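Coordinate inspection notes
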Amino acid sequence: MRTTEPPRTLPPKRSRTRYPTDSIGGLLAKIILLGIVDAFAVYVLIVLFMQEKWAVLLLAAAVTLLINWIYLRRGGLPAKYLAPGIFFLLVFQVFVMIFSGYVAFTNYGDGHNSTKEDAVNAIQLSAQQRVPDSPAYRISIVEQDGEFSFLTTNPDGDVSIGTTGDPLEEVSDAATDSTGKATELEGYRTLQFDEVLANQAEILEVTVPFSDDPDDGTLKTSDGSTAYVYSPTLVYDEAADTFTNTQTGIVYTDSGDGTFVSEDGEELGTGWKIDVGFANFVKAFTDENIRGPLVQVTLWTFTFALVSVLSTFALGLFLANAFNLPNLRGKRIYRILMILPYAFPAFLAGLVWSGLLNPEFGYVNNTFFGGADIPWLTDPLLAKVSVLVVNLWLGFPYMFLVCTGALQSLPEDVNEAARMDGASPWKLFTTIKLPLLLVSVAPLLIASFAFNFNNFNVIYMLTDGGPRLPETTANVGATDILITMVYEIAFGSGVGRDYGLASALSIIIFFIVAAISIISFRQTKALEEIH
Amino acid sequence: MSTETSTAVLTGPGESGGRPVEPATERRRTFGAWFREKGWRHLVGVVTTLFAIFPLLYVLSAALNSTGTMAGSNVLFSRIDVGNFEQLFSDPNRPFGKWFVNTLVIGVVTSAATVFLGALAAYAFSRMRFKGRRFSLLSLLVLQMFPQLLAVVAIFLLLNFITDVVPWLGLGSQVGLIMVYLGGALGVNTYLMYGFFNTIPASLDEAARIDGASHVQVFFTIILPLVTPILAVVGLLAFIGLSSEFVIASVVLTDPDSQTLAVGLYSYVGQQRSENWGVFAAGAVLAAVPVMALFLYLQKYIVHGLAAGSVKG
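Residues numbered from 1 in each chain as written. Chains lettered and ligands numbered in written order. Predicted model: local features only at pLDDT ≥ 70, side-chain atom pairs only at ≥ 80, totals over all residues. Heavy atoms only, no water.

Under an unreviewed UniProt entry, the name given to chain B is Arabinogalactan oligomer/maltooligosaccharide transport system permease protein, and the organism recorded is Arthrobacter pigmenti. Turning to chain B, the UniProt record has this under Subcellular location (unreviewed entry): "Cell membrane". Note on chain B: under the UniProt heading Sequence similarities (unreviewed entry), the record states "Belongs to the binding-protein-dependent transport system permease family. MalFG subfamily." (UniProt positions renumbered as here; feature names shortened; annotations may be inferred.)

Under an unreviewed UniProt entry, the name given to chain A is Maltose/maltodextrin transport system permease protein, and the source organism is Arthrobacter pigmenti. The UniProt entry for chain A carries this comment under Sequence similarities (unreviewed entry): "Belongs to the binding-protein-dependent transport system permease family. MalFG subfamily." Quoted straight from UniProt, the Function (unreviewed entry) entry for chain A says "Part of the ABC transporter complex MalEFGK involved in maltose/maltodextrin import. Probably responsible for the translocation of the substrate across the membrane."

Listed below in structure tokens is the structure:
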């Protein structure tokens with residue numbers, strides 16, 4: 001079989017060799033480990049069965065069987081060694097990759113994060129209005145495991161308990177005070193007046209449904225001692241699949257975009273997840289608010305990655321050359337001190353530098369520039385320069401180490417010959433050393449480019465993408481690179497989270513990085529053939 | 001001492017080949033000649049060293065200065081006390097001690113598991129011949145182009161689903177986070193190790209097998225001890241990478257008690273940089289010291305690994 005490796009260390013008949021069977025200890029270890037895995041798998045399968053998640057159940061069962069088959073059969077030794085790593089790789093790298101692809105074609109995000117059924121329920125619960133002239137329920141606020149419930153006494157004197165999402169249930173063993181109002185129930189702690197005040201906000205949020213059907217209405221309180229009946233202002237008509245507002249009479253219908261919309265185009269807050277085809281990709285390239293910033297961010301991402309690679313490589317190579325001299329005193333000290341930034345955690349570097357460069361209180365302005373107010377991180381151009389300088393600080397030691405290693409492995413005789421022929425040091429460097437060096441270092445430069453293309457930490461910690469771009473309402477800044485933009489869209493605090501759009505952008509980034517990597521690896525192959 | 005041995009490797013074989021310089025000639029030379037040959041190198045060395053260590057000195061100075069604000073830390077080492085460190089460990093809303101332990105535990109467990117899973121795979125690739133071997137090696141390389149960072153939304157949603165099934169493995173769980181990290185256990189690590197495994201002569205394990213050793217015994221008692229350097233490199237690089245990992249950890253770990261240093265320390269200064277500066281600096285120093293110490297202690301392995309990587313491509 002042809003392999004990528006030179007076959008010299010490996011006699012070709014390896015696959016035929018038989019290993020002796022396992023020892024007792026090995027067998028025991030195998031049984032125990034496989035037992036643990038299977039026990040866990042059975043537990044998961046039972047939970048999935050109870051939750052009626054059939055597709056996942058089938059998949060999990062198949063994986064469990066496969067694992068057992070791999071380890072219980074006699075042959076297939078390579079699979080036994082590869083399976084654990086590949087399992088995690090498939091679930092948390094390959095699957096999430098594919099899943100990203102799927103999410104990119106949905107409207108998943110804030111307001112669209114569940115099924116239509118859940119959305120209908122949520123809308124009914126959220127749109128509640130007090131029923132005029134409805135009776136008052138006397139209540140005590142009770143607490144269990146940090147959750148507040150209403151212990152209610154209805155006008156007829158019947159006592160029930162319920163909490164948000166957990167409908168009222170009649171209880172018989174509650175203690176009542178002289179007025180007949182239920183005050184205590186076993187298993188619950190009754191809140192005193194000052195505690196009610198302290199937890200006001202949470203108690204106002206409590207919405208206790210009368211039954212599982214949201215149309216029956218709910219109980220809410222405004223003072224912690226009486227509750228009133230609230231009923232949904234939006235009523236769902238299952239047959240017509242519409243919501244009707246009981247007060248205005250406006251009818252909201254399924255728009256096909258995962259929301260209920262009135263004829264005037266008014267949307268109800270909660271929607272559900274649907275497949276939207278290429279809409280997210282189209283949005284990325286056409287929506288005014290996104291297209292402009294996206295182009296800007298993409299250009300900057302390329303600039304940032306390219307300049308970062310070139311600047312760190314140039315400095316690293318220069319230093320490697322400068323210190324590639326025998327008998328240079330203090331060389332070891334220089335080297336150790338110089339590689340310290342490489343050992344410093346990258347996320348801290350960004351934060352520390354953001355302090356150094358702080359315009360008002362930072363060391364750089366106050367000490368180096370005598371109190372000048374230079375906006376290092378808030379002026380778009382200066383912020384970009386700052387990001388590049390900080391990344392140079394972080395990255396040059398790596399290149400220095402790599403170049404030192406590569407320089408030392410260059411054949412000495414070529415140098416010698418060139419020197420004999422009277423080549424100047426510069427000429428020697430550019431025509432002999434550099435090309436030879438590039439052959440070995442080029443793949444690392446490409447890897448470094450790909451890494452910097454997604455170098456989240458330095459940007460996020462130093463400038464948080466800022467300063468903000470003025471021409472867009474999206475939360476995008478002048479130093480944002482693609483990956484920080486994706487993070488902001490998916491988990492940012494600005495406008496609603498949009499998982500679909502974020503995933504679409506991820507997919508686009510992936511294709512860019514993959515294309516560049518493939519092209520440049522081809523180029524370096526060509527480079528290798530020349531020499 | 002470690003630095004002695006490590007720098008011995010740093011200054012490597014290439015340099016020992018240089019011709020010895022006779023002290024007598026050196027003394028006779030003019031300053032100009034000395035500067036052209038060596039002096040400028042010292043100049044470059046001093047300037048670069050200052051650039052490299054200046055931010056580190058700054059953060060150390062700020063950490064030791066309990067005036068606490070950013071403005072107060074602008075004269076390096078003007079005050080030295082441990083007030084910031086005391087404050088760092090006394091804020092119950094920002095449990096620095098827990099973050100530290102969390103980071104260590106997650107980092108050590110994940111990098112140990114990464115090394116083990118990678119070594120298993122590298123052993124299979126290096127010592128066995130099977131169908132799809134070349135394809136698997138290539139796929140690993142290609143998959144590396146899609147960093148997990150890009151799939152953070154999907155990871156969030158997947159863990160969200162897992163929360164419904166097995167709550168202690170889902171969002172907010174450190175075990176869940178470790179599993180996510182292990183998704184990247186193969187890939188580049190396997191490549192590094194695979195290359196190194198190939199340099200161990202196969203005759204060694206053949207001899208052992210003839211003596212009746214099983215494949216497991218060969219792996220644990222013959223191969224693993226011989227490849228310790230690369231295991232250290234991979235483990236250390238994994239640990240350093242993990243100690244800085246912010247994105248996935250910030251999405252998965254929501255409860256302050258379960259967070260890592262990267263997520264926690266960011267929350268310290270995420271909103272208002274200048275206020276908590278001194279305490280943050282103290283946290284930064286404590287967070288960086290173990291990683292840097294480990295790095296310097298093992299640097300001969302790292303440098304060797306990097307250099308080997310660069311030469312072989």
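Quick word on the packing of aromatic side chains
Tallied over the full model, the rule gives 53 aromatic pairs over all chains. Between A:F396 and B:F51, the ring centres sit 6.1 Å apart and the planes meet at 25°, which makes this aromatic pair stacked. With one member in each of two chains, A:F396 in helix α13 (residues 380-408) and B:F51 in helix α4 (residues 31-63) form a pair that bridges those chains. Both rings, one in A:F510 and one in A:F511, keep their centres 5.4 Å apart while their planes meet at 50°; by these two values the pair is tilted. With a relative accessible area of 15%, A:F510 lands in the buried category. Its end group placed over the ring of A:W69, A:R73 keeps NZ or CZ at 4.2 Å from the ring centre. The lysine or arginine in question, B:R94, covers the ring of B:Y268, its NZ or CZ lying 4.5 Å from the ring centre. (Phe/Tyr/Trp six-rings, centres within 6.5 Å; stacked < 30°, edge-to-face > 60°. Helix = DSSP H or I, 4+ residues; strand = E, 2+ residues; numbered from the N terminus. Buried < 20%, exposed > 50% of the residue type's maximum accessible area, 1.4 Å probe, protein only. Lys NZ or Arg CZ within 6 Å of the ring centre and 35° of its normal.)

Structural notes on the pattern of salt bridges
A side chain with one charge can pair with a side chain of the opposite charge if their charged atoms come near. Taken as a whole and assessed by the stated rule, the structure comprises five salt bridges over all chains. Of the charged contacts, one joins A:E143 and A:R189 as a salt bridge, the two residues approaching to 3.0 Å between their closest N and O atoms. With A:E143 in strand β2 (residues 136-144) and A:R189 in strand β8 (residues 189-190), this residue pair connects regions lying 46 residues apart in the sequence. By relative accessible area, A:R189 is classed as partly exposed at 39%. The partner of B:D205 in a salt bridge is B:R127, with the nearest N and O atoms 3.0 Å apart. (Salt bridge = Lys/Arg side-chain N within 4 Å of Asp/Glu carboxyl O.)

What to know about the interface of chain B and chain A
At the junction of the two partners, chain B supplies 118 residues and chain A supplies 120 residues. Carbon and sulfur atoms supply 73% of the area that chain B and chain A bury against each other, a total of about 11,000 Å² over both sides. Inspection of the chain B/chain A interface yields zero salt bridges. Applying the counting criterion to the chain B and chain A interface returns 13 residue pairs in polar contact (both at pLDDT 80 or more). Looking at the side of chain B that touches chain A, the element that brings in the most residues is α4(B), giving 18 residues. For the side of chain B that touches chain A, the class distribution of residues is 77 nonpolar, 27 polar and 14 charged. (Contact = heavy atoms within 4.5 Å. Buried area = accessible area lost by both parts, 1.4 Å probe. Polar contact = N/O pair within 3.5 Å; in protein donor to acceptor, adjacent residues only side chain to side chain. Nonpolar A, V, L, I, M, F, W, Y, C, P; charged D, E, K, R; others polar.)

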